[in-house]
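Chains, contacts and geometry: an overview
Given next are the chains, with one letter for each unit.
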Amino acid sequence: MNKSRPETVNIIVIDDDLNNMELISLYLSGCGYSVKSFSQEIEALNYLQGAESKISLIILDLMLTEISGYELCRRIRSNPRYRFTPILISSGLTDNKDKNAAMEAGADDFISKPIDRQVLITRVRSLIRIQTLYDELIEKNEKLEYAFNKLKSAQNTLINNEKFVSIGAMAQGLTHEIYNPLTIIGGNLERVSLKMKNGKIDNEFLNQIIFSTRNAVKRCAKIVEALETYSAEKINSIERTCVNDILKRVATLFAVKLKMMHSINIIETYDEAVGEIDCDQQALQQAFMHLMNNAAESIGENGEITISTALSGDEIMVRFSDTGAGFKEEDLSKAFDPFYTTKLSAMSAGLGLAVVSGVAKLHNSTVEIKNNPSGGACVSLKIPAGLRLDEKKFTKNLFNL
Ligand SMILES: Nc1ncnc2c1ncn2[C@@H]1O[C@H](COP(=O)(O)OP(=O)(O)OP(=O)(O)O)[C@@H](O)[C@H]1O
Ligand SMILES: [Mg+2]
């Protein structure tokens with residue numbers, strides 16, 4: 001900004017007492033201000049309406065002829081352009097009631113007649129200084145808003161890039177994950193056809209082929225099923241349900257499974273204050289099952305899984321805490337990546353937490369993983385209490401760029 005020539009400060013004086021008007025103009029012009037005076041308020045209002053240059057201060061008398069000073073104040077303030085322009089009232093009325101009424105009508109300061117030159121100049125300088133500071137604030141605010149919008153659009157670009165990267169990573173992972181079982185199936189068929197040519201097919205060989213092919217098919221099916229939820233293409237209907245009820249169902253289903261293999265206790269603590277939300281019950285149930293599986297797999301033989309809910313402010317906290325091995329430090333940042341797994345089992349595709357994260361996003365919720373201070377892992381979901389979902393937006397594929 002060029003600061004070498006000071007900007008002209010334009011002041012408007014409105015007073016039907018010509019002597020007073022001229023006196024104020026004289027005092028202020030003498031200080032280098034550009035002063036325009038009006039003895040008729042309507043004329044002044046018309047001028048203000050179309051004024052080309054910035055007006056830094058308006059001085060007006062309370063006792064005018066056409067309309068009252070209070071009304072004039074209100075009309076000036078009703079124009080958005082003069083919402084924050086300082087208005088100084090000059091009046092012979094010294095009663096506090098008049099001063100208060102003037103302030104309420106939008107005036108910023110009050111000066112008593114007869115006008116004292118020094119008092120007038122001090123008040124004018126102070127009001128103009130405040131106005132200059134205010135203008136600077138507005139300018140800085142506009143710059144901040146501009147910078148904020150630029151940052152927001154940069155962030156959106158980043159998020160989109162991240163989506164592309166994750167789609168890329170996912171496509172790469174998918175090729176690998178599906179290619180492996182397909183190679184097994186293809187190999188098995190080759191072995192069968194070779195044996196058939198030699199006429200040497202026995203039951204043991206066939207059982208082996210069936211077992212290996214069945215596992216490979218199961219693995220492919222598991223990947224496809226998980227991906228369906230992850231990409232949110234398989235949308236069921238939105239229903240109004242209490243999360244507690246879904247969790248109770250998951251716990252019951254899981255308890256049956258656990259009893260058959262392990263000695264793992266499920267402890268349930270539900271906050272009955274948790275109300276209903278809009279949700280895809282099946283998707284949530286699937287996400288919760290993945291968390292139960294992870295907890296059970298981490299525990300192994302003996303331990304506890306605690307499922308709890310709590311209504312905290314406007315959020316529902318759902319927690320799955322286990323007494324297993326806990327997350328390794330290096331896994332914490334990668335655990336949500338599709339196909340990231342530390343498990344050796346052929347049935348672990350590394351999609352559980354990716355599904356949980358996809359389902360959480362669908363429900364405007366967040367997931368957090370951490371380890372308990374006393375050991376074991378804790379996965380928390382924060383779901384907006386009373387969540388309402390728009391069916392159209394909900395059904396939109398998460399990867400629909
Ligand atoms: N409760 C838990 N305790 C400790 N580590 C966990 C827990 N849950 C997940 N992890 C870690 O995060 C990784 C990713 O979990 P995720 O559920 O996505 O895949 P996965 O369980 O390996 O395979 P999948 O779920 O497809 O069967 C796991 O391999 C494991 O290392
Ligand atoms: Mg898992």
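Preceding block: the structure.
The structure reproduced in this document is the subject of the present report. (Residues numbered from 1 in each chain as written. Chains lettered and ligands numbered in written order. Predicted model: local features only at pLDDT ≥ 70, side-chain atom pairs only at ≥ 80, totals over all residues.)

Looking only at helices and strands, the protein has ten helices and twelve strands in total. Looking at the protein residue by residue over its 401 residues, the buried ones come to 27%. Restricting to contacts in the protein with at least 6 residues of sequence separation, those with at least 24 account for 70%. (Helix = DSSP H or I, 4+ residues; strand = E, 2+ residues; numbered from the N terminus. Buried ≥ 20, exposed ≤ 12 C-beta atoms within 10 Å, placed from the backbone. Contact = placed C-beta atoms within 7 Å.)

The strand order across the open sheet formed by five strands is β7-β9-β10-β12-β11, and the pairing between neighbours is mixed. Each end of this open sheet is capped by a strand with a single partner; those strands are β7 (263-269) and β11 (366-371). Sheet twist, expressed as the average angle between the axes of neighbouring strands with direction ignored, equals 15°. Where strand β10 (residues 315-322) and strand β12 (residues 377-384) come together, seven bridges link them in antiparallel fashion. Following the sheet pairing, Glu315 is matched in β12 by Pro384. Strand contacts of helix α8 (residues 281-299): β7, β9 (302-312), β10 and β12, with the helix running at about 25° to β10, the strand carrying the most contacts. (Pairing = 2+ DSSP bridges. Axes fitted to C-alpha atoms, helices over the stretch in contact; angles between N-to-C directions.)

Looking now at the sheet that holds strand β1 (residues 10-14). A sheet is described by the order of its strands in space; here five strands give the open sequence β2-β1-β3-β4-β5, paired in parallel fashion. Two strands bound the open sheet, and with one partner strand each, they are β2 (34-38) and β5 (109-112). Within the sheet, the average angular offset between the axes of one strand and its neighbour, ignoring direction, is 20°. Where strand β3 (residues 55-61) and strand β4 (residues 87-91) come together, four bridges link them in parallel fashion.

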